[in-house]
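Observations on the three-dimensional arrangement
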Amino acid sequence: MKRENPALTRLLASVMNLHPKRIDLSLGRMEKLLAKLGAPQQKMPPTFHIAGTNGKGSVFANICSILKSSGATYHGYCSPHLVRFNERIILSGVEVSDEALMDTLQRVIKINNGDAITFFELTTAVAFLLFSETPADFLVCEVGLGGRLDSTNVITADKMAVFTPIDLDHQEFLGNNIEKIAFEKSGIITPATAPTMVTAPQSPSALQVLQTQAQKNNKTLQVVDYAVAGDELILSHNNQQINLGQPALAGAHQYMNGAVAAAAVLHFFALLQRDIKRDAIRHGLAATTWPARLQPLPPLSLGLPATTSVWLDGCHNPNGARAMAAWLKNLPSNGAPTARTALLFAMLHNRAPQDFLAEFLPLGKNAIHFFPVGLGDGGEHHAHDPNYLAQVAATLGLAATPARDWRSGLEQIKQAGQYNRVVICGSLYLAGELLAALAV
């Protein structure tokens, strides 16, 4: 993974202060800018529009991989990036180049002419302009935040609405309960939405909201039905049992994400009267790559012994922690006690660390030693103080040793000399810091 172009970094920084708030959910400013740009949102290909709390990125990556395997061309839009902003925009199957990105960014900045607009709104307009000017069969588009008032929710092309599991997250913007959050996510159901939509299994309250909104818009909501036989994913689709093999992404939850992606592709291809071979889906799921999703890292590059297994994951809320705990529980011990697992984590200040950490309690209070750390970016992304995180862990009876940053935390883990497994998680920004350090 390459580091970001310094000239691009400066250009992106120049638009950070066009709006006093980093997040201000609204469609008005976006629609105004897009009108100035010639309405690129009306010139984009059929779109997979993905909303939810957990798993959006994995479903995004799976769909892109399936489309590539099928021979279809595609654009992609996702956020946040880990190391380089270019990661957010896939143009005809390839990460956008610095030249194309900077040229289009400068065009949009000039046309915006200093009007108030958030960073995400302006950069989404950049992506949509690029997509409108480059042919492709599909666009795979991940919602930034929520759905109803998210900047991506202006797409007028035929689109497949795809919902990943909905849970508590971003309550300060989306509401303080599952029903309110599900309502915001369900806002991607628009007149452009395909008659059949796809959702991962949901809690009863979230599913009820999605079903209500689907009925109001005369749409059908299809809950993905799948099973796992051995290591293979079996999808139930149109009264058929389709064996899709073993997904490449690690963790039991990735079978669900693979099923959601496969079902979305099958339904959308059928709607558009396009053929897709089952082998293309199988091969696509087996070839999916997605950084910071149970990604193995080389221990020596982090100063750890070669015998240490190191895993990087972006889980940062209770649902993600629950999936992580389940993965840890099911790992083969190879004769080593699970107490030799070190979990190094950082958390943004708007996250609830007690809810996150409590998900690991079923493993046993001595199963993991936690190493809370700070984030290097003290500006835009404020993080909880590591000492505070250690205190929260202590109230739950969990062993925790705070460290200034991830480098200090890894050094403490190394000096302890008793951990054969290191998991790094809690924030995608932490994942980005590590991957940037390893980048060339």
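Because the structure is predicted, anything quoted here is derived from the model rather than measured.

Considering the arrangement of structural elements, one finds Thr190 in the loop between helix H7 (178-185) and strand E7 (196-199). In this structure, Thr190 is in contact with Asn153, Lys159 and Lys219, ignoring residues within four places of it in sequence.

We now examine the pairing of strand E1 (residues 47-51). For E1, a buried count of five out of five residues is recorded, marking the element as mostly surrounded by other parts of the structure. Of the two faces of E1, the one holding Thr47, His49 and Ala51 and the one holding Phe48 and Ile50 are both buried throughout. Pairing of E1 with strand E5 (residues 138-142), which is carried by four bridges, proceeds in the parallel orientation. What sits directly across from Phe48, in E5, is Val140. Bridge analysis of E1 against strand E6 (residues 159-163) gives five bridges, and the strand direction is parallel. Among the inter-strand pairings, Thr47 is bridged to a residue of E6, identified as Lys159.

As a further point, take the confidence of the model for the protein. Within the protein, residue pLDDT values average 92, and 96% of them lie at 70 or more. Confidence over residues 334-339 falls short of pLDDT 50; this stretch has five contacts with residues more than four positions distant or in other chains.

Sheet architecture is open: eight strands sit in the order E4-E3-E2-E5-E1-E6-E7-E8, paired in mixed fashion. The open sheet has two edge strands with one neighbour each: strand E4 (94-95) and strand E8 (220-223). In this structure, E7 lies alongside E8, joined through four bridges in parallel fashion. Looking at E8, one finds that Thr196 is bridged to Thr220. Across the sheet, helix H3 (residues 56-70) touches E1, strand E2 (74-77), strand E3 (89-91), E5 and E6, and the angle it forms with E5 is around 170°.

What counts and what doesn't
Residues numbered from 1 in each chain as written. Predicted model: local features only at pLDDT ≥ 70, side-chain atom pairs only at ≥ 80, totals over all residues. Heavy atoms only, no water. Helix = DSSP H or I, 4+ residues; strand = E, 2+ residues; numbered from the N terminus. Contact = heavy atoms within 4.5 Å. Buried < 20%, exposed > 50% of the residue type's maximum accessible area, 1.4 Å probe, protein only. Pairing = 2+ DSSP bridges. pLDDT = per-residue confidence, 0-100. Axes fitted to C-alpha atoms, helices over the stretch in contact; angles between N-to-C directions.

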